[in-house]
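Residues per chain are reported as follows:
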Amino acid sequence: MQAIQFEHIGGPEVLKIAEIPRPTAGPGQIVVRNRFAGVNFIDTYFRGGVYESKLPGMLGQEAAGEVAEVGSGVTNLQVGDVVAYLGNQDTYAQYSVTSAARAAKIDTSVITMETAAAALLQGLTAHTLVTRSYKVSAGDWVLVQAGAGGTGQLLLQLCKDLGAHVITTTSSEAKAKIARQAGADHVIIYTEESVPEAVHRIVPEGVHVVYDGVGKATYDGSIASLRREGSMVSFGNASGTVPPVKLFDLSPKNLSLLRPRLYGYIVTDEEYQRHLSAVVDLLERGKLNVQVFKVYELADAGQAHIDLQSRKTTGKLLLAIP
């Protein structure tokens, strides 16, 4: 089968099409014929060496497609069912193997395969952030950094659905329009003004929580935007990893700092299915609108990484699997 591999750590140019053996299903597992795979910042972290990866490496954390093989003991799925699932650095490929308990059967009359592939990782990330990292309540003031991005747009929608007042940041007026459509009450164009100053002009005491997936470039501004006893949720490194933090810097306002990862919230099948069911329900009820920015051919995975890291994209990037 065809898959994207990389022989060494490096830039997008290391991603190459390779022919590798097709996986087989063990007990409790299914093999999925992937049709669409999501492209996420975490993929660039593995490719670039921010996160450790065994070489030769593969990429991909999510996909949607049809069940091609069912292992022994699997009763909830059958060959031909359309599913979406979280992978394990293996979805930039024609076939992947996964636990049947971790796959969601998709009704394609309600949710397309493209939407299912686009929504899973970022949808689960956003849902765990607003329900577990900091539980957003009606009336809260929330700052979402980079609100026009894929996860950013989902955070805006979820926070608004929970009754929060939502502020976000973008780099341009074009992206600000996208953020407003996703539910932002206030948009700060960070290339034109100071984010903390703008936040405190909108809400003088500061926000209750900041969701920051940008990292190094925005950390200080995020901290400065918080009110007393506010919470800083740093969940990504799009601009680079945050330098070592001085804990005493949190003391003047009694701030809380959290660096969560999605997989720490979905350790058990019960946790995974609870959040997965919530995301699918939100999609089916139209409460979560996933915007696909562009679909690339599998062979163009390197270009997808270039575009993603340029921060010139809005919404989700997908690979179409031949």
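Predicted model, so just to flag it, every value in this text is computed and none were measured.

On the basis of which strands lie adjacent, the open sheet formed by three strands has the order 2-1-4 and antiparallel pairing. Each end of this open sheet is capped by a strand with a single partner; those strands are strand 2 (16-19) and strand 4 (57-58). When strand 1 (residues 2-6) meets strand 2, the two strands line up antiparallel, connected through four bridges. What sits directly across from isoleucine 4, in strand 2, is isoleucine 17.

Let us look at the pattern of salt bridges. Within this structure, the stated rule accounts for 13 salt bridges. Measuring nitrogen to oxygen at the nearest pair gives 3.9 Å for the salt bridge that ties aspartate 161 to lysine 287. Of this pair, aspartate 161 sits in helix 3 (residues 150-161) while lysine 287 is found in the loop between helix 7 (269-284) and strand 15 (292-297), placing the two residues 126 residues apart along the sequence. Among the residues examined, aspartate 161 registers a relative accessible area of 40% and is labelled partly exposed. Under the relative-accessibility criterion, lysine 287 is labelled partly exposed at 38%. A salt bridge links aspartate 281 to arginine 285; the nearest nitrogen and oxygen atoms lie 2.8 Å apart. Given the relative accessible area of 48%, arginine 285 is considered partly exposed.

Within strand 13 (residues 226-234), seven of the nine residues are buried, which leaves the element mostly enclosed by the surrounding structure. For strand 12 (residues 207-212) and strand 13, the ladder comprises five bridges, and the chain directions are parallel. Counterpart to valine 207 in the pairing with strand 13 is leucine 226. Between the parallel pair strand 12 and strand 13, the chain is carried across by helix 6 (residues 219-224), and the sense of this crossover is right-handed. In the sheet, strand 13 pairs with strand 14 (residues 256-258) via three bridges, with the strands oriented parallel. Bridged to methionine 232 within strand 14 is leucine 257.

Here we take up unusual backbone geometry. With an omega dihedral of -5°, the bond running from leucine 55 to proline 56 counts as a cis peptide bond. Along the chain, proline 56 turns up in the loop between helix 1 (41-48) and strand 4. One non-glycine residue, alanine 146, lies in positive phi territory at about 60°. Within the secondary structure, alanine 146 sits in the loop between strand 9 (141-144) and helix 3.

Attention shifts here to the environment of methionine 58. Within the secondary structure, methionine 58 sits in strand 4. Using a relative accessible area of 18% as the deciding quantity, one classes methionine 58 as buried. In sequence terms methionine 58 and methionine 232 are 174 residues apart; their C-alpha atoms lie 32 Å from each other. Once residues within four sequence positions are removed from consideration, methionine 58 is found in contact with Ala3, Ile4, Gln5, Phe6, Ile20, Gln89, Asp90 and Ala93.

A contiguous nonpolar surface patch, about 250 Å² in accessible area, is contributed by Val245, Leu247 and Leu257. Within the element layout of this structure, leucine 247 appears in the loop between strand 13 and strand 14.

Right, let's talk about the nonpolar core for a bit. Residues Ile30, Tyr92, Tyr211 and Leu319 are the most contacted members of the largest nonpolar core, which totals 80 residues. It is helix 2 (residues 113-133) that contributes the most residues to this core, 11 residues altogether. Not counting residues up to four positions away in its chain, the partners in contact with tyrosine 211 are Leu129, Val130, Tyr134, Val136, Val142, Leu143, Val144, Gln145, Leu155, Cys159, Val233 and Phe235. Among the nonpolar cores identified, the runner-up in size contains 16 residues, and Leu143, Ile223, Met232 and Leu255 belong to it.

Moving on, we get to the packing of aromatic side chains. Two numbers describe a pair of aromatic rings. These are the distance of the centres and the angle of the planes. By the definition in use, this model includes two aromatic pairs. Ring plane angle 75° and centroid distance 5.3 Å describe the contact between tyrosine 45 and tyrosine 51, whose orientation is recorded as edge-to-face. With relative accessibility at 28%, the residue tyrosine 51 sits in the partly exposed group. With centroids separated by 5.5 Å and ring planes inclined at 70°, the aromatic side chains of phenylalanine 46 and tyrosine 51 adopt a geometry described as edge-to-face. Taking the relative accessible area as the measure of exposure, phenylalanine 46 reaches 11% and is therefore buried.

Calculation criteria
- Residues numbered from 1 in each chain as written.
- Predicted model: local features only at pLDDT ≥ 70, side-chain atom pairs only at ≥ 80, totals over all residues.
- Heavy atoms only, no water.
- Pairing = 2+ DSSP bridges.
- Helix = DSSP H or I, 4+ residues; strand = E, 2+ residues; numbered from the N terminus.
- Salt bridge = Lys/Arg side-chain N within 4 Å of Asp/Glu carboxyl O.
- Buried < 20%, exposed > 50% of the residue type's maximum accessible area, 1.4 Å probe, protein only.
- Right-handed = clockwise from strand over helix to strand, strands pointing away.
- Contact = heavy atoms within 4.5 Å.
- Patch = residues over 30% accessible without salt bridge, like charges linked within 9 Å, V, L, I, M, F, W, Y side chains within 5 Å.
- Areas by Shrake-Rupley, 256 points an atom, 1.4 Å probe, with all protein chains shown as cover.
- Core = buried A, V, L, I, M, F, W, Y, C linked by side-chain atoms within 4.5 Å.
- Phe/Tyr/Trp six-rings, centres within 6.5 Å; stacked < 30°, edge-to-face > 60°.

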